[in-house]
Protein chains: 2
Amino acid sequence: MRHFRDELDELQRRLLEMAGLVESAIHSSIMSLVDRDEEQAKEVLWKEAQINQKDIEIDELATRLLALYQPMAKDMRFLTAAIKINGDLERMGDLAVNITERSMSLMREQQVKPLVDIPKMADLAETMVRNSLDALVKRDADLARTVLLADDEVDRLRDAVYQELLQFMQAESTTVPRAVDLMFIAHDLERIADHATNIAEDVLFLVKGIDVRHHAEVRE
Amino acid sequence: MRHFRDELDELQRRLLEMAGLVESAIHSSIMSLVDRDEEQAKEVLWKEAQINQKDIEIDELATRLLALYQPMAKDMRFLTAAIKINGDLERMGDLAVNITERSMSLMREQQVKPLVDIPKMADLAETMVRNSLDALVKRDADLARTVLLADDEVDRLRDAVYQELLQFMQAESTTVPRAVDLMFIAHDLERIADHATNIAEDVLFLVKGIDVRHHAEVRE
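Quick caveat, the model's predicted, so the values are computed rather than measured.

## Let's talk about the overall build of chain A
Then step 1. Looking only at helices and strands, chain A has 6 helices and 0 strands in total.
Then step 2. Moving toward the C terminus, one meets the helices and strands of chain A in the order α-α-α-α-α-α.
Then step 3. With respect to the principal axes defined by its C-alpha atoms, chain A has extents near 65 × 40 × 20 Å.
Then step 4. When the 220 residues of chain A are sorted by exposure, 48% land in the buried category.
Then step 5. Restricting to contacts in chain A with at least 6 residues of sequence separation, those with at least 24 account for 78%.

## Describing unusual backbone geometry
Then step 1. With phi around 50°, B:R36 is a residue other than glycine that occupies positive phi space.
Then step 2. A tally of 16 C-beta atoms within 10 Å means that B:R36 is categorised as partly exposed.

## Observations regarding the relation of the copies chain A and chain B
One copy of the chain maps onto the second through a rotation around an axis plus a translation along that axis.
Then step 1. Between the two copies, chain A and chain B, the superposition gives an RMSD of 0.0 Å; the rotation angle is 180° and the shift along the axis is 0.0 Å. Such a turn and shift between the copies fits a two-fold axis.

## A few points about the environment of B:R145
Then step 1. Note that B:R145 resides in helix α5 (residues 141–171).
Then step 2. Taking the number of C-beta atoms within 10 Å as the measure of exposure, B:R145 has 18 and is therefore partly exposed.

## Comments concerning the packing of helix α3 (residues 73–107) of chain B against helix α6 (residues 176–208) of chain B
Residues and elements named next belong to chain B.
Then step 1. At a minimum axis separation of 9 Å, α3 and α6 run at an interaxial angle of 170°. Here α3 lies roughly antiparallel to α6, going by the angle between them.
Then step 2. For the contact of α3 with α6, the per-class residue count stands at 12 nonpolar, 4 polar and 10 charged.

## Describing the environment of B:Y69
Residues and elements named next belong to chain B.
Then step 1. Residue placement: Y69 occurs in the loop between α2 (38–68) and α3.
Then step 2. Note on Y69: 17 C-beta atoms within 10 Å, which makes it partly exposed.
Then step 3. Taking C-alpha positions, Y69 is 7.4 Å from F4, a pair spaced 65 residues apart along the chain.

## Some points on the interface of chain A and chain B
Interfaces are often sized by the accessible area lost when the parts come together.
Then step 1. Taken together, the 23 residues of chain A in the interface contact 23 residues of chain B.
Then step 2. Of the residues belonging to the side of chain A that touches chain B, the class tally is 12 nonpolar, 8 polar and 3 charged.

## Regarding the environment of A:L133
Residues and elements named next belong to chain A.
Then step 1. Along the chain, L133 falls in helix α4 (residues 117–138).
Then step 2. Judged by the 27 C-beta atoms lying within 10 Å of it, L133 falls in the buried class.
Then step 3. Measuring from C-alpha to C-alpha, the distance between L133 and S28 comes to 20 Å, with 105 residues separating the pair along the chain.

Thresholds, definitions, all that
- Residues numbered from 1 in each chain as written.
- Chains lettered and ligands numbered in written order.
- Predicted model: local features only at pLDDT ≥ 70, side-chain atom pairs only at ≥ 80, totals over all residues.
- Helix = DSSP H or I, 4+ residues; strand = E, 2+ residues; numbered from the N terminus.
- Buried ≥ 20, exposed ≤ 12 C-beta atoms within 10 Å, placed from the backbone.
- Contact = placed C-beta atoms within 7 Å.
- Least-squares fit on C-alpha atoms with pLDDT ≥ 70 in both.
- Axes fitted to C-alpha atoms, helices over the stretch in contact; angles between N-to-C directions.
- Parallel < 35°, antiparallel > 145°, perpendicular 65-115°, else oblique.
- Nonpolar A, V, L, I, M, F, W, Y, C, P; charged D, E, K, R; others polar.

Here you go:
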C-alpha cells in the first residue's frame, strides 16, 4: 500500500497547488480593480487557464485511484472529498474571472468611490481558501471551523457594501452601471467565500465524521 | 453483480427524484414572484429542506457503492458523475431559496414592471434541469447538447433583463432597490442554468468519454 499512500499525497499536493493558484487569481482580480491594472487582469485569465487544467488532472487522478485501489473508509472519504474540493476550487477560478471582467469595464470609467470593504472581503476570502486547504492537509478541525466563522464576516461586509452602493445609485443615477458592477463583484467574493466554506465543511466531515452541511446550528 | 446494478438504478432514481424537487422549487420561486404569493414561497423552503436531505442520502449511497463494490471504468464514471450531479442539484435548491428571499421582499413593494423575460428564463432553466437528467437516464448525448444550447439563450435573456433594469434605475432612482433585487433574481436563474449545463457536461463525458469542460468550441 506504500504506492497508494504516495498517490494520495500527490493528490493532496496537487490540490494545494491549485488552491495557491486560486488564491493568487483572487488577489490579482482585486488588484486589477483597485489599481486599475490591465496586467493584473491578464494574470487572472492566465491563472484560470492553469486552474482549469488542474481541475481535469485532479479529477482524473482521483477517479483513477478510486478505480485502481479499493480504498476503505477514511481513504475513500478523502478521495470523494478531493473530487468535491477540486470542483469548489475550479468555481472560485471562474468567479475570479467574473470579477476581472467587471473590473475591466470599470477601468474605463471614473471611480464611484474609494474601495475599502471590497478589498477587505477579498483578503478574508483568500485567507479562507488558504486555511481550508491547510485544515485539509493537517486534518485540523479547529482551523476548518475558523473558516466557517470568517464566512459570517464576509456576509456582513457584503451587506455593508450593498447598502452603501444602493445609496450611491439612488443619490446619483449616473453611478448606477458602475455601482451594479461593484455589487456583483461583492457578490462574487461572497460566493468565493461560500466555496471555501464548502471545503471547510468537507474537512470537518473527513476529520470528525460529522456532516455540518445544512445544519447552521453546528456552526455556532 | 445483480445487486450492484439494482443499487446503481436506485441511485439514479434518487437523483431523478431530487431533480424533480429542484424543478418544482424553481417553479414555485418564480410563481411566488409573479403572483406575489407567500404560499409558493413557503413551498420553496419546504422543498429545499427535502433537497438537502436527499443531498446527504445520495452522497452516502454513492460513497458506499464506491467502497463496497470495486466498480470499473463506466460504473466508476457514473458514480463520480452522480456525486457531482448531486452537488449541482443541491446548489440549485439554494439558488431557488435566494430567489424566494428576494421575492418575499419584492412582495411588499410596488411592481417595477410586468415580468416577461424572468419567467421565460425560469421556464428554460426548468427544462434544462429536466433534460439534463433525462439525458443522464437515457445516456443521450444529443439531448445533453440541447442543454448547452439552451444555456446560451438564458445568457441572452439575462443580458436583456440587465439592460432594461439599468434603464429603469437610471430613469427613476426610487426603483433602484427593487430593480437590484430583480437583477439578482436573473443572475440566480442564470446560475441555475449553469448548474444544469454542468450536469449536461457530465453526461457527455459519461456517454462519449469527451470532456467538454473548459472547451467552449465543442459546444458550437
